[in-house]
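So you can see what is in the structure, the chains are spelled out below.
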Amino acid sequence: MMNIGEFAELTGLTPKALRLYDEQGLLSPASVDPWSRHRRYAAAQFEQALRLKGARAADLPLAEAPALLRDAESAAAVLAAHRARLAAERERQDAALDVLDQLLAERVTWQTEVRQAAAQHWAGVILSPDDGDEQANEVFADLWRRLTAAGNAPTGAFWTTIRAEPGSDTVIQVVCCWPVAELPPADWDVESGTVEPGPEMVIRWHFEQDVAVVDGAAHPAVLALLAAAEAEGASVSLAQVRQIGLLDQGVPVGMEVAVRLAD
């Protein structure tokens with residue numbers, strides 16, 4: 001029998017880790033002195049200890065350790081699932097590194113233009129952060145069907161804008177809009193409004209453009225547009241930014257980002 005220090009030295013586990021495994025019911029000492037409370041371990045416990053040591057080195061969650069110790073089949077399943085998670089994480093990291101390489105290797109020059117926007121009524125829906133792409137598309141398509149059935153079919157390409165939720169400065173809403181000839185009736189319970197006429201700055205990009213996009217961040221064209229508008233002395237908010245679909249025979253092929261400038 002070995003004391004905790006000796007067992008720790010032979011297995012590569014720290015005494016602190018061994019105490020934790022005892023508390024978790026994963027690896028209890030073979031015996032504990034009733035008076036001194038000193039732990040004693042047996043050589044027969046090496047295999048369990050080495051599995052736990054290997055799990056620590058592989059960053060296997062502690063919650064999955066019981067299955068690792070249970071039997072060969074359970075252990076194999078735990079390792080297979082962990083390998084899959086690690087592979088997915090490595091793929092995510094590699095993709096992020098590729099984006100960083102692009103950001104460092106080349107600086108995209110975005111072309112801006114200023115145009116006069118005409119007054120435009122719109123009807124829209126607020127998308128929830130929990131909505132998946134398929135659900136969001138269906139909600140937006142349903143609004144198109146309602147507008148068309150009411151004789152107020154969309155008159156052009158859709159656009160999206162983002163804004164702070166009323167009463168909050170941390171919750172952001174995404175509003176998907178259809179341009180329409182007339183505002184929908186008040187009892188429709190949809191978002192609506194009018195884009196006022198005036199100057200706006202615009203940047204365009206096509207989906208086939210190879211642009212480095214950092215996961216979770218806005219598209220570089222949006223950031224470039226805001227920077228360009230700010231350089232012109234404009235004070236802009238996200239609610240003034242519209243991302244407008246670029247269509248080719250009714251098929252989206254890119255986006256146009258526009259931000260309102262002061263008259």
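Note that the structure is predicted; figures quoted are calculated from it, not measured.

Colleague: Which parts of the structure should I look at to understand helix 2 (residues 15–23)?
Modeller: An α-helical turn contains 3.6 residues, so any two residues separated by three or four positions project in the same direction. Residues Ala 17, Leu 18 and Tyr 21 constitute the buried set of helix 2. All buried residues of helix 2 fall inside an arc of 100° around its axis, so they share one side. Among the exposed residues of helix 2, those pointing more than 90 degrees away from its buried face are Lys 16 and Glu 23. Considering only its buried residues, helix 2 is in contact with helix 1 (4–11), strand 3 (39–41) and helix 3 (46–57). In the segment just after helix 2, Gly 25 is the residue with positive phi, at about 75°.

Colleague: Would you explain the environment of Leu 27 in this entry?
Modeller: When you line up the elements, Leu 27 lands in the loop between helix 2 and strand 2 (31–32). When the C-alpha atoms of Leu 27 and Gln 48 are compared, they prove to be 7.2 Å apart, with 21 residues separating the residues in sequence. For Leu 27, the contacting residues outside a window of four places in its chain are Phe 7, Leu 18, Tyr 21, Asp 22, Tyr 41, Gln 45, Gln 48, Ala 49 and Leu 52.

Colleague: Would you mind going over the layout of surface pockets with me for this structure?
Modeller: Using a probe with the size of a water molecule, rolled over the atoms, empty space left in the structure can be pinpointed. Counted as a void, the largest pocket has a volume near 610 Å³. Around the largest pocket sit 20 residues that line it, and Leu 127, Ala 136, Thr 160, Val 174 and Cys 176 are the ones nearest its centre. Of all the secondary-structure elements, those providing two or more residues to the lining of the largest pocket are helix 6 (133–149), strand 6 (159–164), strand 7 (172–180) and strand 11 (251–260). Residue classes in the lining of the largest pocket are distributed as 12 nonpolar, 6 polar and 2 charged.

Colleague: Quick question: what am I supposed to make of the sheet that holds strand 4 (residues 113–117) here?
Modeller: In sheet architecture, strand pairing relies on hydrogen bonds along the backbone and comes in two forms, parallel and antiparallel. Pairing is antiparallel across the open sheet formed by 8 strands, whose spatial order is 4-9-11-10-6-7-5-8. This sheet does not close on itself; its edge strands, each paired only once, are strand 4 and strand 8 (191–195). Across the sheet, the mean angle from the axis of one strand to that of its neighbour is 35°, orientation sign disregarded. Relative to strand 10 (residues 241–248), strand 6 runs antiparallel, the two sharing 2 bridges. Bridging from a neighbouring strand, Thr 160 pairs with Gln 243 of strand 10. The strands that helix 6 touches are strand 5 (120–127) and strand 7; relative to strand 5, the one it contacts most, it runs at about 145°. Packed on one face of the sheet, helix 7 (residues 220–231) meets strand 9 (198–206), strand 10 and strand 11 and runs near 150° to strand 9.

Cut-offs used in this document
- Residues numbered from 1 in each chain as written.
- Predicted model: local features only at pLDDT ≥ 70, side-chain atom pairs only at ≥ 80, totals over all residues.
- Heavy atoms only, no water.
- Buried < 20%, exposed > 50% of the residue type's maximum accessible area, 1.4 Å probe, protein only.
- Helix = DSSP H or I, 4+ residues; strand = E, 2+ residues; numbered from the N terminus.
- Arc of directions from axis to C-beta.
- Contact = heavy atoms within 4.5 Å.
- 1 Å grid on protein atoms, 1.4 Å probe; cavity = no way out; pocket = protein on both sides within 12 Å on 5 of 7 lines; lining within 4 Å.
- Points joined across faces, edges and corners; volume = space filled by probe spheres on them.
- Nonpolar A, V, L, I, M, F, W, Y, C, P; charged D, E, K, R; others polar.
- Pairing = 2+ DSSP bridges.
- Axes fitted to C-alpha atoms, helices over the stretch in contact; angles between N-to-C directions.

This is a description of form; function is not addressed.
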